[in-house]
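Report on the structure
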Amino acid sequence: MTPEFLRDFADRWLAAWNSHDTDQVLALLHPDVAWEETVFWPHSLYGREAVRAYADAIWRAMPEYQVEEIQLFTAVDDGRALVLFRQRGAAPPALGTGRRFDVQGCDIFLGFRDGLLSRYTAAFEIAGMLQQLGALPPRGDRNGGAYLLSLLGSKA
């Protein structure tokens, strides 16, 4: 593992997502990848082909989805990296709001095997994204937990 490999991989990763071509994304994944991102998807995925449905769902839900790097952080000795990103796009057509989102997040590369990503997770602000798209009410001055409870009709 080298800094150059991690830099090149991050560049190829972002280009693949911005291409909206699922096969480009899958080409970067080890066949036995552990895809542990559960912000967007309801459960972890195992295997390259299992990730296909995830990527295809992104393109369907957000056809204008784009991501750009803010900064790459690397842990070369551990074979890990984190890409802090900005993601933007339009509301899914089914939502019917015509609004756009612009939020930050991070792709977290937890392991590589044979030059391919073998373990992955991500973190991003889905509540903020949904607020911007008009799918959730504004947070106002409520703390995180109080805001989430307010969505359930609880008084906190």
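Being a predicted model, the structure only gives us computed values, none of them experimental.

Thoughts on the pairing of strand β5 (residues 100–113)
Looking at chain direction, strand β4 (residues 80–90) and β5 are connected through ten bridges and run antiparallel. Counterpart to R86 in the pairing with β5 is Q104. Between β5 and strand β6 (residues 116–124), which pair antiparallel one after the other, the connecting turn spans two residues, and D114 there sits at a positive phi close to 55 degrees.

A few points about the side chain of S118
By secondary structure assignment, the location of S118 is in strand β6. Here the side chain of S118 touches F112 through a polar contact of 3.3 Å, landing on its backbone nitrogen.

Some points on the environment of V25
Here V25 shows up in helix α2 (residues 22–26). Since its relative accessible area comes to 0%, V25 is described here as buried. The spatial distance from the C-alpha of V25 to the C-alpha of A146 is 37 Å, given a sequence separation of 121 residues. In this view, V25 contacts A16, W17 and W59; residues no more than four positions away in its chain are not counted.

Let's talk about the confidence of the model for the protein chain
Confidence in the prediction for the protein chain averages 92 pLDDT; 98% of positions are at 70 or higher. Confidence, read as mean pLDDT per element, is least for helix α5 (residues 144–151) in the protein chain (84) and greatest for strand β1 (residues 29–35) (98).

Focus on the nonpolar core
Residues W13, W17, W35 and F109 are the most contacted members of the largest nonpolar core, which totals 39 residues. If you list the elements that add at least two residues to this core, you get α1 (3–19), α2, β1, α3 (48–61), β3 (66–75), β4, β5 and β6. Broken down by element, the residue count for this core peaks at seven residues, all from α1. Residues in contact with W35, not counting those within four places in the same chain, are W13, W17, L29, S44, L45, V51, Y54 and Y120.

So, the sheet that holds β5
One open sheet holds the six strands; their spatial order is β2-β1-β6-β5-β4-β3, and the pairing between them is mixed. The open sheet has two edge strands with one neighbour each: β2 (45–46) and β3. In terms of strand pairing, β1 meets β6 through three bridges, oriented parallel. Looking across to β6, one finds that W35 is bridged to Y120. The strands that α1 touches are β1, β3, β4, β5 and β6; relative to β3, the one it contacts most, it runs at about 160 degrees. This element, α3, spans β1, β2 and β6 of the sheet and lies at about 65 degrees to β1.

Calculation criteria
- Residues numbered from 1 in each chain as written.
- Predicted model: local features only at pLDDT ≥ 70, side-chain atom pairs only at ≥ 80, totals over all residues.
- Heavy atoms only, no water.
- Pairing = 2+ DSSP bridges.
- Helix = DSSP H or I, 4+ residues; strand = E, 2+ residues; numbered from the N terminus.
- Polar contact = N/O pair within 3.5 Å; in protein donor to acceptor, adjacent residues only side chain to side chain.
- Buried < 20%, exposed > 50% of the residue type's maximum accessible area, 1.4 Å probe, protein only.
- Contact = heavy atoms within 4.5 Å.
- pLDDT = per-residue confidence, 0-100.
- Core = buried A, V, L, I, M, F, W, Y, C linked by side-chain atoms within 4.5 Å.
- Axes fitted to C-alpha atoms, helices over the stretch in contact; angles between N-to-C directions.

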